[in-house]
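The primary structure of each chain is shown beneath.
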Amino acid sequence: MTATAIDPEILPLHKECDPDFVYVIYIRAPREAVWRALVDNQNERAWWVNTRMNSSFQPGGTIVFEKAGKVDVTGRIMEREDGKRLVYTFQVGGPGPQHDEGPTLVEYTLEQNDDTTKLTVTHSNLKKGGKVRGAISGGWPFVFSGLKTFLEAGGAALQRTPK
């Protein structure tokens, strides 16, 4: 994760953390197309298990992930570099053990390599031995494989929920 000064009121850091979760995927699409899909606040995302993102995606603004009209995850946009980088806090809706772990931090970085975009997702501030890490370990690959399929094939992708 890039060094970022984060207000501890917004993101209290765990005293003991699991290692960052890092996922890299290469998508045969222009970086701008990948970026537009990531910051789309107008459409329900078939490639993200029909999740809608309510956000301006501007630093300081909120982000709310909704599935089937219910809040799934909330956060705050921390940083944005158009077409290249987005950082936000991520807290699973509650009540429940994942919610009780508090907010974590997600960073997307995009790099163009010829006709392919390298998307790196880094998820940090994961409570040591917590439940969020287990959930995202299967969740992020599922979601971003859906994005890859969606952008490369141009259609609805992966309509099931990962197990």
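One can find the structure itself at the top, above this paragraph.
Residues numbered from 1 in each chain as written. Predicted model: local features only at pLDDT ≥ 70, side-chain atom pairs only at ≥ 80, totals over all residues. Heavy atoms only, no water.

Student: How should I be thinking about helix H1 (residues 31-38) in this particular structure?
Tutor: Since the α-helix packs 3.6 residues into each turn, any two residues three or four apart lie on the same face. With six of eight residues buried, H1 is to be regarded as a mostly interior element. Those residues of H1 that sit buried are Arg31, Ala33, Val34, Trp35, Ala37 and Leu38. (Buried < 20%, exposed > 50% of the residue type's maximum accessible area, 1.4 Å probe, protein only. Helix = DSSP H or I, 4+ residues; strand = E, 2+ residues; numbered from the N terminus.)

Student: Explanation requested: the side chain of aspartate 18 in the structure shown.
Tutor: As for its position among the elements, aspartate 18 is in the segment before strand E1 (21-27). Lysine 128 provides the closest opposite charge to the buried, unpaired aspartate 18, separated from it by 4.3 Å. From its side chain, aspartate 18 meets the backbone nitrogen of glycine 129 in a polar contact 3.3 Å long. Here aspartate 18 is in contact with Leu126, Lys127, Lys128, Gly129, Gly130 and Arg133, once residues within four sequence places are set aside. (Lys, Arg positive; Asp, Glu negative; His and termini not counted. Salt bridge = Lys/Arg side-chain N within 4 Å of Asp/Glu carboxyl O. Polar contact = N/O pair within 3.5 Å; in protein donor to acceptor, adjacent residues only side chain to side chain. Contact = heavy atoms within 4.5 Å.)

Student: Could you clarify how one ought to interpret the pattern of salt bridges in this entry?
Tutor: Two side chains bearing opposite charge may form a pair once their charged atoms approach each other closely. Counted under the stated rule, the structure contains six salt bridges. As a salt-bridge pair, aspartate 115 and arginine 28 come within 2.9 Å of each other at their nearest N and O atoms. Residue aspartate 115 is found in the loop between strand E7 (104-113) and strand E8 (116-124), and its partner arginine 28 is found in the loop between E1 and H1; the two are separated by 87 residues along the sequence. The partly exposed category is assigned to aspartate 115, whose relative accessible area is 43%. Glutamate 107 is the partner of arginine 85 in a salt bridge, and the nearest nitrogen-oxygen pair spans 2.5 Å. With arginine 85 in strand E6 (residues 85-92) and glutamate 107 in strand E7, the pair connects residues that are 22 residues apart, well separated along the chain. Assigned by exposure class, arginine 85 and glutamate 107 land together as buried. Connected via shared salt-bridge partners are Glu79, Arg85 and Glu107.

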